[in-house]
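Architecture at a glance
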Amino acid sequence: MPLTNQQYNAVTRQYDLIRIKNKHILDDRIEDVLAKAPEYFELDKKISELSVEASKRILSPGITDDEKKEIKKDLDTNLRDAENAKKEILVRLYNDPNYLDPIYTCPKCKDTGYVDNITEYSMKSQCECFKKKAIELIYGDSNLKNITSGENFNTFDLILYPDTPSEELSGVSPREYMGKLVNETKNFVRDFDKKHGNFLFYGKAGVGKTFLSNCIASELIKGVHSVIYFTATDLFDSLRKDIARNGFYDDSSSDELGREDIVDCDLLIIDDLGTEYPNQFTVNKLFNIINDRLLNNKSTIISTNLSLKELRDIYTERTFSRLVNLYNIRKIVGNDLRYVLRDKYL
């Protein structure tokens, strides 16, 4: 699973806490049974004594095979009777014959996060509960938890885009163009683990750039990929604070995303590039992030209201050349969806 070390450790700590909690519950149950029915534990002692005694008799000199079989048969009967007596006590007290069985929040993996995956290599695979915890953690780390629930491919409505030919799209309608782009991004998600890719979405405000980015993020997070979302303003503010606090990037910070997370996450989304106050700091940091992620074969999505010329003028030729040569650049054309939706439901 493509989790950062910090994320993986956070998930495993959750399992540690679950096991500790369930052990405390079981310990409390044992104390309660001991107080109400001490004979239950006398039966445990009896079972142990029966087993030891039978073993001694079987190992004694001169005993025949038939006698050994008879001893084992008697032992099985006595053990079964003792176990039934124990269950009767638990049923009488708690109406549950399994009241003192080990407690697992996930019986499938027994709160380890892993289940046996019978293969020729006898490997273990991650349990569904592990994947669920990882997804919840990634949503929290990605800054997208309250966004992608309403912005995903299922809610992306092509009807909101004009169905008339557009000069900006060489005579293709925005609806047809966006239909193809949605399919392209779905393929990007499908092949994400096999093929490295990047997108630059540009166009006027409100045409769906952020929505489409969130659709991609939602699908990848469901597939348990690490996704981090930042508006450009928040990204550079975060980096500034890191430097102001430490004099350098603090990759080990436990409460904020450090440069290591920004560079190493599976997908980084930088939304609304150009809305930050552009200066030498932001220009240099953007180049470093883009360049580092390209060198590490990590995918990035950037959205902006700026034109390509404005991007080149603001962020310099060296950044622009990497975007032009190594990103899928897609212009998004249409009406401002905020007004389209307002008119639709008024």
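The structure displayed is predicted, hence computed values, not measured ones.

Topic: the overall build of the chain
Helix and strand counts for the chain stand at 11 helices and 7 strands. Contacts spanning at least 24 positions in sequence make up 75% of the contacts within the chain whose residues lie at least 6 apart. Just so you have it, the chain exposes about 19,700 Å², and 50% of that area is on carbon and sulfur atoms.

A closer look at the sheet that holds strand β4 (residues 227-231)
Reading across from one edge, β4-β5-β6-β3-β7 is the order of the 5 strands in this open sheet, with parallel pairing throughout. A strand with exactly one partner marks an edge of an open sheet, and here the two such strands are β4 and β7 (328-331). Ignoring strand direction, the axes of neighbouring strands in this sheet form an average angle of 15 degrees. Direction of pairing for strand β5 (residues 267-273) relative to strand β6 (residues 299-304): parallel, over a ladder of 5 bridges.

Focus on the pattern of salt bridges
Scanning the entire structure with this criterion turns up 16 salt bridges. The partner of Glu39 in a salt bridge is Arg92, with the nearest N and O atoms 3.5 Å apart. You can see Glu39 sitting in helix α2 (residues 39-59) and its partner Arg92 sitting in helix α3 (residues 65-94), a full 53 residues away along the chain. Exposure remark for Arg92: the relative accessible area of 54% places this residue in the exposed category.

Description of the side chain of Glu276
Secondary-structure assignment places Glu276 in the loop between β5 and α9 (280-295). Here Glu276 is buried and forms no salt bridge, its nearest opposite-charge partner Arg240 lying at an N-O distance of 7.7 Å. Side-chain polar atoms of Glu276 contact the backbone nitrogen of Gly274, separated by 2.8 Å. Engagement of the side chain of Glu276 in a polar contact is seen with the side chain of Tyr315, the distance being 2.4 Å. In contact with Glu276, not counting residues within four places along its chain, are Ala232, Thr233, Phe236, Thr282 and Tyr315.

Some words on the pairing of β4
With 5 of 5 residues buried, β4 is to be regarded as a mostly interior element. What you see with β4 is no split at all: Val227, Tyr229 and Thr231 on one side and Ile228 and Phe230 on the other are buried throughout. Of the pairings in the sheet, the one linking β4 to β5 comprises 5 bridges and is parallel in character. Paired with Tyr229 across the two strands is Ile269, which belongs to β5.

Describing α2
Taking 1.5 Å of rise per residue, the 21 residues of α2 would be expected to cover 30 Å, and the 30 Å separating its terminal C-alpha atoms lies within 8% of that figure. Burial in α2 covers these residues: Tyr40, Leu43, Ile47, Ala54 and Ile58. End-on view of α2: buried residues confined to an arc of 50 degrees, all on one side of the axis. Opposite the buried face of α2, by more than 90 degrees, sit the exposed residues Glu42, Lys56 and Leu59.

What to know about the packing of aromatic side chains
Inspection of the entire model under this criterion finds 10 aromatic pairs. Joined through ring pairs, the aromatic side chains of Tyr8, Tyr15, Tyr114 and Phe130 make up one cluster. The ring centre of Phe153 lies 5.5 Å from the NZ or CZ of Lys186, which sits over that ring. Just above the ring of Phe320 sits the side chain of Arg312; from NZ or CZ to the centre is 6.0 Å.

A short note on the confidence of the model for the chain
On average, residues of the chain score 86 in pLDDT, and 85% of them reach the 70 mark or higher. The low-confidence segment residues 247-257 (pLDDT under 50) makes 21 contacts with residues lying over four places distant or belonging to another chain.

Overview of the environment of Arg19
Here Arg19 is to be found in helix α1 (residues 5-36). Expressed as a C-alpha distance, the spacing of Arg19 and Thr105, which sit 86 residues apart in the sequence, is 8.4 Å. Excluding anything up to four places from it in sequence, Arg19 contacts Asp111 and Thr112. For Arg19, the side chain forms a polar contact with the side chain of Asp16, separated by 2.5 Å.

A few points about unusual backbone geometry
The backbone of Ser170 shows a phi angle near 55 degrees, a positive value even though the residue is not glycine. Counting through the fold element by element, Ser170 comes out in the loop between α4 (128-142) and α5 (174-190). The phi torsion at Asn297 lies on the positive side, around 55 degrees, for a residue other than glycine. Considering the arrangement of structural elements, one finds Asn297 in the loop between α9 and β6. Looking at Asn297, the relative accessible area reads 57%, which means it is exposed.

Examining a negative patch on the surface
Together, Asp65, Asp66, Glu67, Glu70 and Asp74 make up a negatively charged patch on the protein surface. You can see Asp66 is positioned in helix α3.

Quick look at the nonpolar core
Of all hydrophobic cores here, the largest spans 40 residues; its most connected members are Phe201, Leu212, Ile216, Leu267 and Ile332. Elements with a minimum of two residues in this core: α1, α4, α5, β3 (199-202), α6 (209-222), β4 and β5. Formed by 24 residues, the second largest nonpolar core is a distinct cluster that contains Leu239, Ile270, Tyr315 and Tyr327.

Definitions and cut-offs
Residues numbered from 1 in each chain as written. Predicted model: local features only at pLDDT ≥ 70, side-chain atom pairs only at ≥ 80, totals over all residues. Heavy atoms only, no water. Helix = DSSP H or I, 4+ residues; strand = E, 2+ residues; numbered from the N terminus. Contact = heavy atoms within 4.5 Å. Areas by Shrake-Rupley, 256 points an atom, 1.4 Å probe, with all protein chains shown as cover. Pairing = 2+ DSSP bridges. Axes fitted to C-alpha atoms, helices over the stretch in contact; angles between N-to-C directions. Salt bridge = Lys/Arg side-chain N within 4 Å of Asp/Glu carboxyl O. Buried < 20%, exposed > 50% of the residue type's maximum accessible area, 1.4 Å probe, protein only. Lys, Arg positive; Asp, Glu negative; His and termini not counted. Polar contact = N/O pair within 3.5 Å; in protein donor to acceptor, adjacent residues only side chain to side chain. Expected span 1.5 Å × (residues − 1). Arc of directions from axis to C-beta. Phe/Tyr/Trp six-rings, centres within 6.5 Å; stacked < 30°, edge-to-face > 60°. Lys NZ or Arg CZ within 6 Å of the ring centre and 35° of its normal. pLDDT = per-residue confidence, 0-100. Patch = residues over 30% accessible without salt bridge, like charges linked within 9 Å, V, L, I, M, F, W, Y side chains within 5 Å. Charge placed at Lys NZ, Arg CZ, Asp CG, Glu CD. Core = buried A, V, L, I, M, F, W, Y, C linked by side-chain atoms within 4.5 Å.

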